[in-house]
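The lines below spell out each chain.
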Amino acid sequence: MSEVPDWPEFRAAHPGAAPTEWLRAAAEPDWSAAVGHRFALDCNAGRVPETVMRRYLVQDYQFIGAFCALLGRAIHTAPDLPSRLPLGRFMGLLCSEENTFFVRAFDALGVSEALRRDPPLSDAARGFRALMVEAAESAVHADQLAVLCVAEWVYLSWARPARATRPPQPFWCAEWVDLHASPYFESFVRGLRAALDREVIALDAAGRARVRALFTRAATLERAFFDSAYDETLPA
Ligand SMILES: Cc1ncc(CO)c(N)n1
């Protein structure tokens, strides 16, 4: 929302607020629309229709490929080893358990080889790919963190309330919740936010404007990405 001022004015109006709270406020109303999206609520309740889940996972597997490259760049631009370690551990999870989740879900849902490897991209998936390439090209660590933070914080926000209540079946809903609701994931997102908070405080006005633009674009795309799971012009 354009009425959210720059960080110094926001902090003056909200004593004790963190920079990531300023960024989230700037990303409304898309932030809340993504966190409260029908897809997210239906996933928590184990009732996403198979066609919708196939369409979503096919596009999201393309998202994961670009995300992996962005995460690698964030590891590269991080200032020191302590900042790199949690990103590296998360890369391990993404490239093992999470990748395997996609393969098992594709098998269970009967997704073809062609759609796993090279599907026609939705506008949202294309937009994410462009955003992630742009953030990865920057040498500024905060630019990668901004996009990573939206992706993981939005997912924690919708999945976390269902940690103890999601039904066990179908597994492609239950495990998608578990990946984004676990205590490990919650602590990873807390660390991502703390890292972005530190980096934003060190930026000048131009740097803050760039981070804010990346962050709000990512939130708009998260919402559109969920919408596209219901777009019947996309393959499923
Ligand atoms: C579009 C999208 N945003 C965030 C995540 C969480 O990693 C995901 N898998 N897909």
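Note that the coordinates shown come from a computational prediction; the quantities given were computed from them, not determined experimentally.

Student: Before we move on, can you summarise the site of the ligand with the specific residues and values?
Tutor: As a matter of local geometry, the ligand sits amid Asp-60, Phe-63, Ile-64, Phe-128, Ala-151, Glu-152, Tyr-155, Trp-176, His-180, Glu-222 and Phe-225. At 2.9 Å, a side-chain N or O of Glu-152 approaches an oxygen atom of the ligand. Protein contact buries 100% of the 280 Å² of open area that the ligand shows by itself. For the shell around the ligand, the elements supplying multiple residues, two or more each, are helix H5 (50-77), helix H9 (141-159), helix H10 (171-181) and helix H12 (205-228). Of the residues belonging to the shell around the ligand, the class tally is seven nonpolar, one polar and three charged.

Student: Quick one: what's the story with unusual backbone geometry, residue by residue and with numbers?
Tutor: A cis amide bond links Glu-28 with the next residue in sequence, Pro-29, at an omega value of 5 degrees. With respect to the helices, strands and loops of the structure, Pro-29 is situated in the loop between helix H2 (19-26) and helix H3 (30-35). A cis amide bond links Gln-169 to the next residue, Pro-170, at an omega of -5 degrees. Within the fold, Pro-170 resides in the loop between H9 and H10.

Student: Let's hear about the UniProt feature "domain: Thiaminase-2/PQQC" (unreviewed entry) in the protein chain: which residues, and what values?
Tutor: The UniProt record marks residues 26-231 with the feature "domain: Thiaminase-2/PQQC" (unreviewed entry), using the residue numbering of this structure. For residues 26-231, helix accounts for 80% and strand for 0%, while the C-alpha atoms at its two ends are 27 Å apart.

Student: Residue-level account of the pattern of salt bridges, with values.
Tutor: Inspection of the entire model under this criterion finds 12 salt bridges. For Arg-54, the salt bridge is made with Glu-50, and the minimal N-O distance between the two is 3.9 Å. With a gap of four residues between them, Arg-54 and Glu-50 both fall in helix H5, about one helical turn apart. Arg-54 gets classed as buried once you look at its relative accessible area, which sits at 17%. Among the charged side chains, a network of salt bridges with common partners joins Arg-160, Arg-163 and Glu-186.

Student: Talk me through H10; I want residue IDs and the actual numbers.
Tutor: Given 3.6 residues to a turn, an α-helix orients residues that are three or four positions apart in the same direction. For H10, the buried fraction is high: eight of the 11 residues fall into the buried class. For H10, every residue scored as buried is listed here: Trp-172, Cys-173, Ala-174, Trp-176, Val-177, Leu-179, His-180 and Ala-181. Packed against the buried residues of H10 are helix H4 (38-44), H5, helix H6 (81-109), H9 and helix H11 (183-201).

Student: Explain the nonpolar core to me, and be specific about the residues and the numbers.
Tutor: Grouped together as the largest cluster of nonpolar side chains are 85 residues, with contacts concentrated most on Phe-39 and Trp-158. Contacts of Trp-158, omitting those with residues within four sequence positions, involve Val-35, Ala-40, Cys-43, Asn-44, Trp-176, Val-177 and Phe-226.

Student: Tell me about the UniProt feature "active site" (unreviewed entry) in the protein chain, residues and numbers included.
Tutor: Residues annotated by UniProt as "active site" (unreviewed entry) correspond here to Glu-222. Within the fold, Glu-222 resides in helix H12. Among all residues touching Glu-222, those that are not within four sequence positions of it are Ala-34, Phe-128, Val-150, Ala-151, Val-154 and Tyr-155.

Student: How would you summarise the packing of H2 against H12 if you had to cite specific residues and measurements?
Tutor: Remark: H2 packs on H12, axes separated minimally by 9 Å, with the N-to-C direction vectors making an angle of 55 degrees. Considering the angle they form, H2 stands oblique to H12. For the element pair H2 and H12, the recorded crossing hand is right-handed. For the pair H2 and H12, the contacting residues are Trp-22, Leu-23, Arg-24 and Ala-26 in the first and Arg-208, Val-211, Arg-212, Phe-215 and Thr-216 in the second.

Student: I'd like a description of the packing of aromatic side chains, backed by residues and values.
Tutor: Inspection of every chain in the model, using the stated rule, returns 28 aromatic pairs. For the ring pair Tyr-56 and Phe-225, a centre distance of 5.7 Å and an interplane angle of 85 degrees mean the geometry is edge-to-face. Linking Tyr-56 in helix H5 with Phe-225 in helix H12, this pair joins segments that are 169 residues apart in sequence. Per residue, the accessibility class of Tyr-56 equals that of Phe-225, and both read buried. Each ring, one from Tyr-155 and one from Phe-226, has its centre 5.7 Å from the other, and the planes form 20 degrees; the classification is stacked. Of this pair, Tyr-155 sits in helix H9 while Phe-226 is found in helix H12, placing the two residues 71 residues apart along the sequence. Comparing Tyr-155 with Phe-226 shows no difference in burial state: the two are buried. Over the ring of Tyr-230 we find Arg-38, and its NZ or CZ is 3.8 Å from the ring centre.

Scoring rules and cut-offs
Residues numbered from 1 in each chain as written. Predicted model: local features only at pLDDT ≥ 70, side-chain atom pairs only at ≥ 80, totals over all residues. Heavy atoms only, no water. Near = heavy atom within 4 Å. Polar contact = N/O pair within 3.5 Å; in protein donor to acceptor, adjacent residues only side chain to side chain. Areas by Shrake-Rupley, 256 points an atom, 1.4 Å probe, with all protein chains shown as cover. Helix = DSSP H or I, 4+ residues; strand = E, 2+ residues; numbered from the N terminus. Nonpolar A, V, L, I, M, F, W, Y, C, P; charged D, E, K, R; others polar. UniProt positions renumbered as here; feature names shortened; annotations may be inferred. Salt bridge = Lys/Arg side-chain N within 4 Å of Asp/Glu carboxyl O. Buried < 20%, exposed > 50% of the residue type's maximum accessible area, 1.4 Å probe, protein only. Contact = heavy atoms within 4.5 Å. Core = buried A, V, L, I, M, F, W, Y, C linked by side-chain atoms within 4.5 Å. Axes fitted to C-alpha atoms, helices over the stretch in contact; angles between N-to-C directions. Parallel < 35°, antiparallel > 145°, perpendicular 65-115°, else oblique. Left-handed = near helix turned anticlockwise from the far one by under 90°. Phe/Tyr/Trp six-rings, centres within 6.5 Å; stacked < 30°, edge-to-face > 60°. Lys NZ or Arg CZ within 6 Å of the ring centre and 35° of its normal.

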